[in-house]
Amino acid sequence: QGLRVGVLGATGAVGTEILGILAQRSLPIADLRLLASPRSAGQTLTFAGTPLPVQAVSAETLQGLDLILASAGASVSRQWLPIAVQAGAIAIDNSSAYRMEANVPLVVPEVNPQDLKDHQGIIANPNCTTILMTVALWPLHQVRPIRRIIAATYQSASGAGAKAMQELKDQALDILKGNPPRTAAFPYPLAFNLFPHNSPLNDQGYCQEEMKMINETRKIFHTPDLRLSATCVRVPVLRAHSEALNVEFFEPFPLAEARNLLQQAAGVAFVEDWERNYFPMPLEATGKDPVFVGRLRQDLSEPNALELWLCGDQIRKGAALNAVQIAESLIAQGLI
Ligand code: 2RA
């Protein structure tokens, strides 16, 4: 029989995408419960053509669930997911709350599905930039272990939420009308501009977003010594992230072999047309499932390194789709 599934944060950008993906895919659902904060409760959303009420999350509304998909922020996850698990649910959490906890699997289904068997109730969905990067690099890492990654990210407004996406549009209109761009969701104007990711900085000058890529990738790959540095930047794009990756191995990686591996890789769409200088673009990755990879080339400064470019939908594969695929993997492995 089907699963009793809860979606916590159902009215947010990722929660809405989760509902759309659940309606498109074949997770067996016997009962779907939409949960949100009291201020968002009371709305009615449509799931597969059926109106469903959004209920306020509480100890009572978390009873009787087999699975809960959460995307409502770290504080909400910390407050409510232990209660949901205590009541018998498996929780797949998109927030950063539990990602680095030792007893919480951090999973990208194309990369480390085997880690799911160790779950103790909570499973963490990685940060979007980490998901996109690990899907692209895992096929190469399996053949020749990666020694070092240098990542530069070009992150869409959607990573800061639905209000931030709207603000980018509003700012563009403001500027085109000759008005000062309004800044509420973002600290600075993003339209016709860009700025280093504005998450808190540590003593070494790295922001939380950059440290997530470093720490989460090491956990997902099970490579605690992997050398990784990142520079994360917010750019005026609506909902797909892009990343420029310099990937160094312990030996040269033949270009043709790397290209062949990426062309066959799970979750990857390899896009390259050198004649037309056509490679992945965020506008074309938007709304799509795969991580679009291309512009693969030998690093001219380092024989052991390759350069590659990727784009991926931040809300879809970067969050909602990965969470649903984790649920599908739990079923495939007989873990739920
Ligand atoms: C961002 N990855 O893009 C973070 C949170 N979604 O800002």
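Residues numbered from 1 in each chain as written. Predicted model: local features only at pLDDT ≥ 70, side-chain atom pairs only at ≥ 80, totals over all residues. Heavy atoms only, no water.

As recorded by an unreviewed UniProt entry, the chain carries the name Aspartate-semialdehyde dehydrogenase and is attributed to Parathermosynechococcus lividus PCC 6715. The heading Function (unreviewed entry) in the UniProt record of the chain holds the text "Catalyzes the NADPH-dependent formation of L-aspartate-semialdehyde (L-ASA) by the reductive dephosphorylation of L-aspartyl-4-phosphate." In the Sequence similarities (unreviewed entry) part of its UniProt record, the chain is described as follows: "Belongs to the aspartate-semialdehyde dehydrogenase family." (UniProt positions renumbered as here; feature names shortened; annotations may be inferred.)

Student: Break down a nonpolar patch on the surface for me, citing the residues and quoting the values.
Tutor: Taken together, I175, L176 and F192 make up a surface patch of nonpolar side chains, about 340 Å² in accessible area. Under the relative-accessibility criterion, L176 is labelled exposed at 65%. (Patch = residues over 30% accessible without salt bridge, like charges linked within 9 Å, V, L, I, M, F, W, Y side chains within 5 Å. Areas by Shrake-Rupley, 256 points an atom, 1.4 Å probe, with all protein chains shown as cover. Salt bridge = Lys/Arg side-chain N within 4 Å of Asp/Glu carboxyl O. Buried < 20%, exposed > 50% of the residue type's maximum accessible area, 1.4 Å probe, protein only.)

Student: I'd love a proper account of the packing of helix α1 (residues 13-24) against helix α8 (residues 316-332), names of residues and values included.
Tutor: In contact at an axis separation of 9 Å, α1 and α8 are set at 50 degrees when each is read in the N-to-C sense. Considering their axes alone, α1 and α8 lie oblique with respect to each other. For the pair α1 and α8, the crossing hand works out as right-handed. Between α1 and α8, the contacting residues are V14, E17, I18, I21, L22 and Q24 on the first element and R316, A319, A320, L321 and V324 on the second. When grouped by side-chain class, the residues that make up the contact of α1 with α8 number eight nonpolar, one polar and two charged. (Axes fitted to C-alpha atoms, helices over the stretch in contact; angles between N-to-C directions. Helix = DSSP H or I, 4+ residues; strand = E, 2+ residues; numbered from the N terminus. Parallel < 35°, antiparallel > 145°, perpendicular 65-115°, else oblique. Left-handed = near helix turned anticlockwise from the far one by under 90°. Contact = heavy atoms within 4.5 Å. Nonpolar A, V, L, I, M, F, W, Y, C, P; charged D, E, K, R; others polar.)

Student: Give me the nonpolar core: which residues, what numbers.
Tutor: The biggest cluster of nonpolar side chains holds 54 residues, and the ones touching the most others in it are I68, L137, I149, L245 and V293. In terms of residue count, helix α3 (residues 128-143) provides more of this core than any other element does, eight residues in total. Of all hydrophobic cores here, the second largest spans 41 residues; its members include A10, L22, L67 and A327. (Core = buried A, V, L, I, M, F, W, Y, C linked by side-chain atoms within 4.5 Å.)

Student: I'd love a proper account of the sheet that holds strand β12 (residues 268-270), names of residues and values included.
Tutor: With mixed pairing, the seven strands of this open sheet are ordered in space as β9-β10-β8-β11-β14-β13-β12. Two strands lie at the open edges of the sheet, namely β9 (195-196) and β12, each paired on one side alone. Pairing analysis gives nine bridges linking strand β11 (residues 240-249) to strand β14 (residues 305-313), with the strands arranged antiparallel. Paired with N246 across the two strands is E307, which belongs to β14. Against the sheet, α3 touches β8 (146-155), β10 (227-234), β11, β12, β13 (291-298) and β14, its axis set at about 40 degrees to β11. (Pairing = 2+ DSSP bridges.)

Student: Would you mind going over the UniProt feature "active site" (unreviewed entry) in the chain in detail, with residue names and values included?
Tutor: If you check UniProt for "active site" (unreviewed entry), the listed places come out as C128 and H241 in our numbering. Judged by maximum C-alpha separation, these annotated positions cover 114 residues in sequence but sit close together in space, the widest gap being only 8.3 Å. Locating C128 in the fold gives a position in helix α3. What makes C128 buried here is its relative accessible area of 7%. Excluding residues within four positions of it along the chain, C128 makes contact with H241, Q314 and G318. Relative to the elements of secondary structure, H241 occurs in strand β11. Given the relative accessible area of 0%, H241 is considered buried. Those residues within four positions of H241 in sequence are excluded, and the remaining contacts are C128, T129, L132, Y154, Q155, S156, R234, L310, C311, G312 and Q314. Looking at H241, its side chain comes within polar contact range of the main-chain nitrogen of S156, at 2.9 Å. (Polar contact = N/O pair within 3.5 Å; in protein donor to acceptor, adjacent residues only side chain to side chain.)

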